[in-house]
Amino acid sequence: MNKFYKNRRISISLRLTAIHAVILSIILLIISILTINIVERVLMKEYKSEIKKVTEDVKKYIKSGKEINKDILQEVTLKDGIHLKIFGEDESLIFQNKLDTIEINIKEYNELDLIDLADDSRMEILYLNKVVFKENKKYYVQVAKKLDAYDAFLETLYVILVIMNIFGVIIAVISGIYLSRKILKPIEWITNTAKSISIHDLDERINVHGADDELKELGETFNDMIDRLQESFEREKQFVSDASHELRTPISVIQGYIDILDRWGKDDKEVLEESILEIKNETFNMKKLIEQLLFLARGDNKKYKLNYSEFYLNELIDDIVNETKMIDNKHTIINNVNGKVIINADFDAIKQVLRIIIDNSIKYTADHGDIFIESEKQNDYVEIRVKDTGIGIPKEEQPYIFDRFYRVDKSRSKDTGGSGVGLAIAKWIVKKHLGAIKVESELGKGTQIIIKLPINMY
Ligand code: ADP
(Lines give C-alpha, C1' and ligand atoms only; values in the text may rest on other atoms or scores of the structure.)
Protein backbone atom coordinates (compact mmCIF):
# COMPACT_ATOMS: atom_id res chain seq x y z
CA MET A 1 0.00 0.00 0.00
CA ASN A 2 2.75 2.33 1.05
CA LYS A 3 4.98 1.41 -1.85
CA PHE A 4 2.15 1.77 -4.30
CA TYR A 5 1.43 5.21 -2.93
CA LYS A 6 5.11 6.15 -3.03
CA ASN A 7 5.45 5.17 -6.68
CA ARG A 8 2.42 7.15 -7.64
CA ARG A 9 3.10 10.29 -5.68
CA ILE A 10 4.52 13.29 -7.44
CA SER A 11 7.45 14.81 -5.62
CA ILE A 12 7.22 18.39 -4.37
CA SER A 13 10.27 19.28 -6.44
CA LEU A 14 8.57 18.04 -9.63
CA ARG A 15 5.39 19.90 -8.79
CA LEU A 16 7.29 23.10 -8.02
CA THR A 17 9.21 22.79 -11.30
CA ALA A 18 6.01 22.21 -13.28
CA ILE A 19 4.28 25.21 -11.67
CA HIS A 20 7.42 27.32 -12.21
CA ALA A 21 7.62 26.30 -15.90
CA VAL A 22 3.91 26.82 -16.57
CA ILE A 23 3.92 30.28 -14.97
CA LEU A 24 7.07 31.27 -16.87
CA SER A 25 5.64 29.98 -20.18
CA ILE A 26 2.46 31.98 -19.66
CA ILE A 27 4.48 35.12 -18.88
CA LEU A 28 6.72 34.59 -21.93
CA LEU A 29 3.67 33.98 -24.15
CA ILE A 30 1.97 37.16 -22.96
CA ILE A 31 5.18 39.18 -23.46
CA SER A 32 5.59 37.70 -26.98
CA ILE A 33 2.01 38.44 -28.00
CA LEU A 34 2.31 41.98 -26.68
CA THR A 35 5.66 42.50 -28.45
CA ILE A 36 4.28 41.32 -31.82
CA ASN A 37 1.15 43.36 -31.40
CA ILE A 38 3.02 46.56 -30.55
CA VAL A 39 5.58 46.10 -33.35
CA GLU A 40 2.74 45.40 -35.83
CA ARG A 41 0.84 48.52 -34.80
CA VAL A 42 3.88 50.81 -34.81
CA LEU A 43 5.01 49.65 -38.25
CA MET A 44 1.51 49.82 -39.72
CA LYS A 45 1.06 53.34 -38.38
CA GLU A 46 4.35 54.31 -39.95
CA TYR A 47 3.34 52.87 -43.35
CA LYS A 48 -0.05 54.45 -43.28
CA SER A 49 1.29 57.89 -42.56
CA GLU A 50 3.89 57.37 -45.31
CA ILE A 51 1.17 56.53 -47.85
CA LYS A 52 -0.96 59.43 -46.69
CA LYS A 53 1.96 61.79 -47.03
CA VAL A 54 2.79 60.60 -50.57
CA THR A 55 -0.89 60.91 -51.53
CA GLU A 56 -1.00 64.45 -50.13
CA ASP A 57 2.19 65.37 -52.02
CA VAL A 58 0.77 64.02 -55.29
CA LYS A 59 -2.54 65.81 -54.67
CA LYS A 60 -0.72 69.09 -54.08
CA TYR A 61 1.34 68.53 -57.20
CA ILE A 62 -1.73 67.88 -59.38
CA LYS A 63 -3.56 70.88 -57.88
CA SER A 64 -0.59 73.10 -58.56
CA GLY A 65 -1.44 72.69 -62.25
CA LYS A 66 1.96 71.45 -63.24
CA GLU A 67 2.17 68.88 -65.97
CA ILE A 68 2.19 65.37 -64.72
CA ASN A 69 5.86 64.98 -65.09
CA LYS A 70 7.33 61.59 -64.75
CA ASP A 71 10.63 62.66 -63.23
CA ILE A 72 9.17 64.97 -60.64
CA LEU A 73 6.55 62.48 -59.55
CA GLN A 74 9.20 59.79 -59.53
CA GLU A 75 11.06 61.86 -56.98
CA VAL A 76 7.97 62.29 -54.81
CA THR A 77 7.42 58.57 -54.78
CA LEU A 78 11.01 57.54 -54.61
CA LYS A 79 10.46 56.26 -51.14
CA ASP A 80 10.78 52.57 -50.55
CA GLY A 81 8.34 50.39 -52.46
CA ILE A 82 5.70 53.06 -53.13
CA HIS A 83 3.53 52.32 -56.16
CA LEU A 84 1.79 55.37 -57.63
CA LYS A 85 -0.87 55.36 -60.31
CA ILE A 86 -2.80 58.33 -61.65
CA PHE A 87 -5.92 57.77 -63.73
CA GLY A 88 -7.95 60.18 -65.74
CA GLU A 89 -11.70 60.72 -65.39
CA ASP A 90 -12.35 57.90 -67.88
CA GLU A 91 -10.18 55.65 -65.69
CA SER A 92 -7.41 55.54 -68.23
CA LEU A 93 -3.97 55.27 -66.77
CA ILE A 94 -2.09 58.55 -67.09
CA PHE A 95 0.90 57.73 -64.98
CA GLN A 96 2.53 54.90 -63.08
CA ASN A 97 5.89 55.05 -61.36
CA LYS A 98 6.75 51.36 -61.46
CA LEU A 99 6.65 48.72 -64.07
CA ASP A 100 5.55 45.89 -61.83
CA THR A 101 2.16 47.31 -61.21
CA ILE A 102 -0.31 46.30 -58.58
CA GLU A 103 -3.81 45.81 -59.91
CA ILE A 104 -6.29 47.37 -57.55
CA ASN A 105 -9.67 48.72 -58.57
CA ILE A 106 -9.49 52.46 -58.06
CA LYS A 107 -13.20 52.79 -57.37
CA GLU A 108 -13.60 49.87 -55.11
CA TYR A 109 -13.23 51.85 -51.97
CA ASN A 110 -14.09 55.30 -50.92
CA GLU A 111 -11.37 57.80 -51.01
CA LEU A 112 -9.17 57.75 -47.90
CA ASP A 113 -9.92 54.10 -47.29
CA LEU A 114 -7.02 52.19 -45.96
CA ILE A 115 -7.15 48.45 -46.06
CA ASP A 116 -4.91 45.42 -46.13
CA LEU A 117 -5.36 43.25 -49.19
CA ALA A 118 -3.92 39.84 -49.74
CA ASP A 119 -3.08 38.82 -53.28
CA ASP A 120 -2.24 35.31 -54.48
CA SER A 121 1.21 35.35 -52.96
CA ARG A 122 -0.49 36.13 -49.64
CA MET A 123 1.54 39.28 -49.52
CA GLU A 124 -0.20 42.17 -47.87
CA ILE A 125 -0.66 45.44 -49.69
CA LEU A 126 -1.55 48.68 -48.11
CA TYR A 127 -3.08 51.27 -50.40
CA LEU A 128 -5.05 54.47 -50.60
CA ASN A 129 -7.37 55.58 -53.38
CA LYS A 130 -8.07 59.28 -53.60
CA VAL A 131 -10.06 61.43 -56.02
CA VAL A 132 -8.44 64.77 -56.85
CA PHE A 133 -10.25 67.57 -58.65
CA LYS A 134 -8.37 70.17 -60.59
CA GLU A 135 -10.33 72.77 -62.55
CA ASN A 136 -13.34 70.44 -63.08
CA LYS A 137 -11.04 67.69 -64.15
CA LYS A 138 -11.17 64.51 -62.11
CA TYR A 139 -8.13 62.42 -61.34
CA TYR A 140 -7.88 59.15 -59.49
CA VAL A 141 -4.72 58.82 -57.44
CA GLN A 142 -3.74 55.43 -56.12
CA VAL A 143 -0.82 54.99 -53.76
CA ALA A 144 0.07 51.43 -52.73
CA LYS A 145 2.83 49.71 -50.82
CA LYS A 146 3.80 46.07 -50.77
CA LEU A 147 4.32 44.94 -47.21
CA ASP A 148 6.79 42.17 -48.05
CA ALA A 149 9.57 43.53 -45.83
CA TYR A 150 7.06 44.06 -43.06
CA ASP A 151 5.77 40.48 -43.33
CA ALA A 152 9.30 39.09 -43.45
CA PHE A 153 10.24 41.12 -40.41
CA LEU A 154 7.21 39.89 -38.46
CA GLU A 155 7.88 36.32 -39.50
CA THR A 156 11.46 36.55 -38.21
CA LEU A 157 10.17 38.11 -35.02
CA TYR A 158 7.73 35.18 -34.57
CA VAL A 159 10.53 32.66 -35.02
CA ILE A 160 12.84 34.49 -32.59
CA LEU A 161 10.12 34.72 -29.99
CA VAL A 162 9.14 31.04 -30.35
CA ILE A 163 12.80 30.00 -29.97
CA MET A 164 13.18 32.31 -26.98
CA ASN A 165 10.04 30.86 -25.40
CA ILE A 166 11.25 27.29 -25.87
CA PHE A 167 14.64 28.20 -24.40
CA GLY A 168 12.97 30.04 -21.55
CA VAL A 169 10.84 27.02 -20.65
CA ILE A 170 13.84 24.65 -20.87
CA ILE A 171 15.89 26.95 -18.62
CA ALA A 172 12.91 27.26 -16.25
CA VAL A 173 12.59 23.47 -16.02
CA ILE A 174 16.33 22.92 -15.44
CA SER A 175 16.67 25.76 -12.93
CA GLY A 176 13.40 24.70 -11.28
CA ILE A 177 14.62 21.14 -10.77
CA TYR A 178 18.00 22.35 -9.49
CA LEU A 179 16.61 25.01 -7.16
CA SER A 180 13.76 22.96 -5.74
CA ARG A 181 16.12 20.03 -5.10
CA LYS A 182 18.58 22.33 -3.37
CA ILE A 183 15.90 24.02 -1.30
CA LEU A 184 14.20 20.75 -0.38
CA LYS A 185 17.44 18.94 0.48
CA PRO A 186 16.92 19.45 4.25
CA ILE A 187 13.56 17.65 3.98
CA GLU A 188 15.41 14.67 2.55
CA TRP A 189 17.82 14.80 5.52
CA ILE A 190 14.91 14.99 7.94
CA THR A 191 13.21 12.02 6.25
CA ASN A 192 16.39 9.92 6.27
CA THR A 193 17.15 10.80 9.89
CA ALA A 194 13.56 10.08 10.91
CA LYS A 195 13.83 6.69 9.17
CA SER A 196 17.02 5.79 11.00
CA ILE A 197 15.63 6.80 14.39
CA SER A 198 14.04 3.98 16.31
CA ILE A 199 13.04 3.55 19.91
CA HIS A 200 16.32 1.66 20.45
CA ASP A 201 18.42 4.33 18.82
CA LEU A 202 17.36 7.85 19.62
CA ASP A 203 20.90 9.25 19.28
CA GLU A 204 20.57 10.30 15.65
CA ARG A 205 20.05 14.03 14.98
CA ILE A 206 19.56 16.15 11.89
CA ASN A 207 22.60 18.11 10.85
CA VAL A 208 21.10 21.60 11.01
CA HIS A 209 23.08 24.12 9.00
CA GLY A 210 22.64 26.60 6.18
CA ALA A 211 20.32 29.56 5.86
CA ASP A 212 18.20 30.53 8.84
CA ASP A 213 14.90 29.65 7.18
CA GLU A 214 11.73 27.65 7.83
CA LEU A 215 13.42 24.35 6.94
CA LYS A 216 16.22 25.01 9.43
CA GLU A 217 13.57 25.74 12.03
CA LEU A 218 11.82 22.48 11.11
CA GLY A 219 15.12 20.61 11.56
CA GLU A 220 15.73 22.25 14.94
CA THR A 221 12.17 21.55 16.06
CA PHE A 222 12.57 17.93 15.00
CA ASN A 223 15.82 17.65 16.98
CA ASP A 224 14.18 19.23 20.03
CA MET A 225 11.34 16.75 19.75
CA ILE A 226 13.76 13.81 19.63
CA ASP A 227 15.63 15.31 22.63
CA ARG A 228 12.41 15.39 24.61
CA LEU A 229 11.44 11.90 23.45
CA GLN A 230 14.84 10.54 24.40
CA GLU A 231 14.71 12.25 27.78
CA SER A 232 11.25 10.94 28.54
CA PHE A 233 12.16 7.48 27.26
CA GLU A 234 15.28 7.40 29.46
CA ARG A 235 13.21 8.56 32.42
CA GLU A 236 10.64 5.86 31.74
CA LYS A 237 13.36 3.22 31.49
CA GLN A 238 14.93 4.42 34.71
CA PHE A 239 11.55 4.48 36.42
CA VAL A 240 10.70 0.92 35.40
CA SER A 241 14.13 -0.34 36.42
CA ASP A 242 14.01 1.46 39.81
CA ALA A 243 10.44 0.36 40.43
CA SER A 244 11.18 -3.28 39.69
CA HIS A 245 14.26 -3.09 41.85
CA GLU A 246 12.27 -1.62 44.74
CA LEU A 247 9.60 -4.30 44.37
CA ARG A 248 12.12 -7.11 44.14
CA THR A 249 13.39 -6.46 47.69
CA PRO A 250 10.11 -6.99 49.59
CA ILE A 251 9.25 -9.97 47.38
CA SER A 252 12.63 -11.57 48.20
CA VAL A 253 12.05 -10.94 51.91
CA ILE A 254 8.57 -12.48 51.73
CA GLN A 255 9.97 -15.43 49.77
CA GLY A 256 12.68 -15.88 52.41
CA TYR A 257 10.14 -16.02 55.24
CA ILE A 258 7.90 -18.40 53.29
CA ASP A 259 10.92 -20.72 52.84
CA ILE A 260 11.61 -20.59 56.57
CA LEU A 261 7.97 -21.33 57.31
CA ASP A 262 7.97 -24.18 54.84
CA ARG A 263 11.04 -25.80 56.33
CA TRP A 264 10.59 -25.55 60.08
CA GLY A 265 8.34 -22.64 60.91
CA LYS A 266 5.10 -24.62 60.81
CA ASP A 267 5.85 -26.23 64.19
CA ASP A 268 7.84 -23.38 65.78
CA LYS A 269 5.35 -20.85 67.11
CA GLU A 270 7.97 -18.15 67.60
CA VAL A 271 9.29 -18.45 64.03
CA LEU A 272 5.72 -18.59 62.74
CA GLU A 273 4.73 -15.37 64.47
CA GLU A 274 7.88 -13.51 63.43
CA SER A 275 7.50 -14.63 59.83
CA ILE A 276 3.84 -13.59 59.69
CA LEU A 277 4.73 -10.19 61.18
CA GLU A 278 7.54 -9.63 58.66
CA ILE A 279 5.40 -10.78 55.74
CA LYS A 280 2.68 -8.39 56.94
CA ASN A 281 5.16 -5.51 57.13
CA GLU A 282 6.63 -6.23 53.72
CA THR A 283 3.19 -6.60 52.14
CA PHE A 284 2.21 -3.25 53.67
CA ASN A 285 5.37 -1.61 52.30
CA MET A 286 4.82 -3.16 48.91
CA LYS A 287 1.20 -2.01 48.80
CA LYS A 288 2.27 1.50 49.76
CA LEU A 289 5.01 1.51 47.11
CA ILE A 290 2.68 0.24 44.40
CA GLU A 291 0.18 2.98 45.27
CA GLN A 292 2.95 5.58 45.08
CA LEU A 293 4.18 4.21 41.76
CA LEU A 294 0.67 4.27 40.37
CA PHE A 295 0.32 7.87 41.51
CA LEU A 296 3.54 8.89 39.74
CA ALA A 297 2.63 6.95 36.60
CA ARG A 298 -0.78 8.62 36.43
CA GLY A 299 0.90 11.98 37.02
CA ASP A 300 3.32 11.31 34.16
CA ASN A 301 0.52 10.29 31.84
CA LYS A 302 -1.39 13.43 32.80
CA LYS A 303 -4.23 11.21 33.97
CA TYR A 304 -4.17 12.53 37.49
CA LYS A 305 -6.57 15.43 37.77
CA LEU A 306 -6.47 17.71 40.80
CA ASN A 307 -9.79 18.38 42.46
CA TYR A 308 -9.83 22.01 43.50
CA SER A 309 -12.00 23.20 46.36
CA GLU A 310 -11.80 25.92 49.00
CA PHE A 311 -11.02 24.77 52.54
CA TYR A 312 -9.41 25.98 55.75
CA LEU A 313 -5.79 24.86 55.63
CA ASN A 314 -5.40 25.48 59.37
CA GLU A 315 -8.19 22.96 60.05
CA LEU A 316 -6.51 20.35 57.87
CA ILE A 317 -3.23 20.95 59.72
CA ASP A 318 -5.04 20.66 63.09
CA ASP A 319 -6.49 17.29 62.01
CA ILE A 320 -3.12 15.98 60.83
CA VAL A 321 -1.39 17.14 64.02
CA ASN A 322 -3.99 15.36 66.16
CA GLU A 323 -3.79 12.23 64.00
CA THR A 324 0.03 12.20 64.24
CA LYS A 325 -0.05 12.69 68.00
CA MET A 326 -2.35 9.66 68.25
CA ILE A 327 -0.25 7.38 66.04
CA ASP A 328 3.17 8.50 67.24
CA ASN A 329 3.80 9.01 70.90
CA LYS A 330 7.57 8.80 70.65
CA HIS A 331 8.03 12.39 69.40
CA THR A 332 6.80 15.74 70.60
CA ILE A 333 4.64 17.35 67.91
CA ILE A 334 4.54 21.13 68.35
CA ASN A 335 2.06 23.26 66.43
CA ASN A 336 2.22 26.80 67.79
CA VAL A 337 1.82 28.74 64.55
CA ASN A 338 -1.24 27.86 62.47
CA GLY A 339 -2.81 30.96 60.96
CA LYS A 340 -6.40 30.85 59.79
CA VAL A 341 -6.39 30.69 56.03
CA ILE A 342 -8.68 29.47 53.26
CA ILE A 343 -6.92 28.04 50.25
CA ASN A 344 -8.14 26.81 46.90
CA ALA A 345 -6.43 23.46 46.38
CA ASP A 346 -6.88 19.70 46.15
CA PHE A 347 -7.68 18.73 49.77
CA ASP A 348 -6.57 15.08 49.50
CA ALA A 349 -3.38 15.92 47.61
CA ILE A 350 -2.30 18.58 50.16
CA LYS A 351 -3.07 16.13 52.97
CA GLN A 352 -0.85 13.57 51.23
CA VAL A 353 2.02 16.08 50.97
CA LEU A 354 1.80 16.91 54.67
CA ARG A 355 1.70 13.22 55.60
CA ILE A 356 4.77 12.42 53.50
CA ILE A 357 6.81 15.22 55.10
CA ILE A 358 5.65 14.58 58.67
CA ASP A 359 6.22 10.82 58.16
CA ASN A 360 9.79 11.58 57.12
CA SER A 361 10.39 13.77 60.15
CA ILE A 362 9.13 10.96 62.36
CA LYS A 363 11.23 8.36 60.50
CA TYR A 364 14.45 10.33 60.63
CA THR A 365 14.17 11.83 64.13
CA ALA A 366 15.27 9.90 67.16
CA ASP A 367 12.71 9.06 69.84
CA HIS A 368 11.68 11.98 72.07
CA GLY A 369 12.85 14.48 69.44
CA ASP A 370 10.73 17.56 68.66
CA ILE A 371 8.81 18.08 65.42
CA PHE A 372 7.44 21.55 64.67
CA ILE A 373 4.56 22.03 62.25
CA GLU A 374 3.86 25.65 61.35
CA SER A 375 1.67 27.40 58.82
CA GLU A 376 1.58 31.12 58.11
CA LYS A 377 -0.19 33.34 55.57
CA GLN A 378 2.15 35.65 53.67
CA ASN A 379 0.67 38.01 51.07
CA ASP A 380 -1.06 35.84 48.48
CA TYR A 381 0.47 32.55 49.51
CA VAL A 382 0.76 30.39 52.55
CA GLU A 383 3.99 28.97 53.94
CA ILE A 384 4.00 25.58 55.64
CA ARG A 385 7.11 24.54 57.59
CA VAL A 386 7.81 21.08 58.99
CA LYS A 387 10.94 21.15 61.11
CA ASP A 388 12.49 18.23 62.93
CA THR A 389 15.45 17.67 65.19
CA GLY A 390 16.55 14.49 63.44
CA ILE A 391 19.61 13.18 61.68
CA GLY A 392 19.64 15.84 58.98
CA ILE A 393 20.70 15.55 55.33
CA PRO A 394 24.26 16.19 54.06
CA LYS A 395 24.52 19.42 51.99
CA GLU A 396 25.64 17.66 48.84
CA GLU A 397 22.65 15.29 48.95
CA GLN A 398 20.01 17.95 49.51
CA PRO A 399 19.47 18.83 45.80
CA TYR A 400 18.53 15.21 45.03
CA ILE A 401 16.10 14.27 47.77
CA PHE A 402 13.10 15.26 45.60
CA ASP A 403 14.24 12.90 42.81
CA ARG A 404 12.44 9.63 42.35
CA PHE A 405 13.90 6.67 44.27
CA TYR A 406 16.61 8.86 45.77
CA ARG A 407 17.58 7.91 49.28
CA VAL A 408 20.36 9.62 51.17
CA ASP A 409 21.69 6.50 52.73
CA LYS A 410 20.23 3.31 51.37
CA SER A 411 20.88 1.42 54.60
CA ARG A 412 19.39 4.03 56.89
CA SER A 413 16.05 4.13 55.11
CA LYS A 414 15.92 0.39 54.74
CA ASP A 415 14.80 0.05 58.34
CA THR A 416 12.26 2.81 57.87
CA GLY A 417 10.73 1.12 54.83
CA GLY A 418 11.34 4.12 52.62
CA SER A 419 11.87 3.79 48.89
CA GLY A 420 12.70 7.38 47.98
CA VAL A 421 9.41 8.11 46.23
CA GLY A 422 7.59 10.17 48.87
CA LEU A 423 9.27 13.54 48.32
CA ALA A 424 9.04 13.12 44.54
CA ILE A 425 5.26 12.80 44.92
CA ALA A 426 5.16 15.78 47.30
CA LYS A 427 7.11 17.92 44.84
CA TRP A 428 4.84 16.87 41.94
CA ILE A 429 1.72 17.86 43.88
CA VAL A 430 3.18 21.20 45.05
CA LYS A 431 4.31 22.05 41.52
CA LYS A 432 0.87 21.17 40.16
CA HIS A 433 -0.51 23.75 42.59
CA LEU A 434 2.02 26.26 41.18
CA GLY A 435 3.79 26.27 44.56
CA ALA A 436 7.39 25.65 45.65
CA ILE A 437 9.06 23.18 47.99
CA LYS A 438 12.57 23.40 49.43
CA VAL A 439 14.77 21.82 52.06
CA GLU A 440 17.00 23.34 54.74
CA SER A 441 18.99 20.86 56.72
CA GLU A 442 22.07 20.40 58.84
CA LEU A 443 23.60 17.01 59.41
CA GLY A 444 22.99 15.81 62.94
CA LYS A 445 20.82 18.79 63.84
CA GLY A 446 17.65 18.49 61.87
CA THR A 447 15.74 19.17 58.70
CA GLN A 448 13.16 21.74 57.70
CA ILE A 449 10.92 21.36 54.64
CA ILE A 450 9.30 24.61 53.51
CA ILE A 451 6.30 24.64 51.19
CA LYS A 452 4.81 27.73 49.60
CA LEU A 453 1.32 27.42 48.14
CA PRO A 454 -0.65 30.13 46.38
CA ILE A 455 -3.85 30.82 48.32
CA ASN A 456 -5.94 31.14 45.20
CA MET A 457 -4.56 29.78 42.01
CA TYR A 458 -7.00 31.67 39.82
P1 ADP B 1 11.71 7.77 51.68
O2 ADP B 1 10.46 7.02 51.43
O3 ADP B 1 12.95 6.99 51.49
O4 ADP B 1 11.68 8.56 52.93
P5 ADP B 1 11.49 10.35 50.41
O6 ADP B 1 11.38 10.69 48.97
O7 ADP B 1 10.37 10.77 51.27
O8 ADP B 1 11.76 8.82 50.46
O9 ADP B 1 12.83 10.98 50.93
C10 ADP B 1 14.02 10.86 50.20
C11 ADP B 1 15.21 10.77 51.13
O12 ADP B 1 15.43 12.02 51.74
C13 ADP B 1 15.02 9.80 52.24
O14 ADP B 1 15.43 8.52 51.87
C15 ADP B 1 15.89 10.37 53.36
O16 ADP B 1 17.21 9.88 53.23
C17 ADP B 1 15.91 11.86 53.08
N18 ADP B 1 14.99 12.59 54.00
C19 ADP B 1 13.75 13.01 53.73
N20 ADP B 1 13.21 13.70 54.77
C21 ADP B 1 14.16 13.68 55.72
C22 ADP B 1 14.21 14.19 57.05
N23 ADP B 1 13.19 14.87 57.60
N24 ADP B 1 15.35 14.01 57.74
C25 ADP B 1 16.39 13.36 57.21
N26 ADP B 1 16.42 12.83 55.97
C27 ADP B 1 15.30 12.99 55.23
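Look up a bit, the structure's there.
The structure presented is a predicted model; accordingly, all values stated were derived computationally and were not measured.

**Student:** Break down the site of the ligand for me, citing the residues and quoting the values.
**Tutor:** In the vicinity of the ligand lie 19 residues, with Asn360, Tyr364, Asp388, Gly420 and Leu423 positioned nearest. Contacts to the ligand include Asp388, whose side-chain N or O atom sits 2.8 Å from a nitrogen atom. Within the backbone of Val408, an N or O atom sits 3.2 Å from an oxygen atom of the ligand. If the ligand stood free it would expose 520 Å²; the protein chains cover 98% of that surface. Listed by contribution, the elements that provide at least two residues to the shell around the ligand are helix H8 (347-363) and helix H10 (422-432). Among the elements that take part in the shell around the ligand, H8 stands out by supplying 3 residues, more than any other. Partitioned by chemical class, the residues of the shell around the ligand number 7 nonpolar, 8 polar and 4 charged.

**Student:** Pulling in residues and values, what's your account of the side chain of Asn314?
**Tutor:** If you trace the backbone, Asn314 turns up in helix H7 (residues 313-327). The class for Asn314 is buried, based on a relative accessible area of 11%. In this structure the side chain of Asn314 is engaged in a polar contact, spanning 3.1 Å, whose partner is the backbone nitrogen of Val341. Excluding residues within four positions of it along the chain, Asn314 makes contact with Asn338, Gly339, Lys340 and Val341.

**Student:** Before we move on, can you summarise the pairing of strand E12 (residues 446-454) with the specific residues and values?
**Tutor:** Of all 9 residues that make up E12, 8 are buried, and the element is covered over most of its length. Bridge count between strand E11 (residues 436-442) and E12: 7 bridges; the pairing is antiparallel. Within E12, the position partnered with Lys438 by the bridge is Ile450. Between E11 and the antiparallel strand that follows it, E12, lie 3 residues; Gly444 among them carries a positive phi value of about 85 degrees.

**Student:** I'd like a description of a negative patch on the surface, backed by residues and values.
**Tutor:** A cluster of acidic residues, Asp212, Asp213, Glu214, Glu217, Glu220 and Asp224, forms a negative patch at the surface. Note that Asp212 resides in the loop between helix H4 (148-196) and helix H5 (214-265). For Asp212, a relative accessible area of 72% puts it in the exposed group.

Reading the values: the criteria
- Residues numbered from 1 in each chain as written.
- Predicted model: local features only at pLDDT ≥ 70, side-chain atom pairs only at ≥ 80, totals over all residues.
- Heavy atoms only, no water.
- Near = heavy atom within 4 Å.
- Polar contact = N/O pair within 3.5 Å; in protein donor to acceptor, adjacent residues only side chain to side chain.
- Areas by Shrake-Rupley, 256 points an atom, 1.4 Å probe, with all protein chains shown as cover.
- Helix = DSSP H or I, 4+ residues; strand = E, 2+ residues; numbered from the N terminus.
- Nonpolar A, V, L, I, M, F, W, Y, C, P; charged D, E, K, R; others polar.
- Buried < 20%, exposed > 50% of the residue type's maximum accessible area, 1.4 Å probe, protein only.
- Contact = heavy atoms within 4.5 Å.
- Pairing = 2+ DSSP bridges.
- Patch = residues over 30% accessible without salt bridge, like charges linked within 9 Å, V, L, I, M, F, W, Y side chains within 5 Å.
- Salt bridge = Lys/Arg side-chain N within 4 Å of Asp/Glu carboxyl O.
- Lys, Arg positive; Asp, Glu negative; His and termini not counted.
- Charge placed at Lys NZ, Arg CZ, Asp CG, Glu CD.

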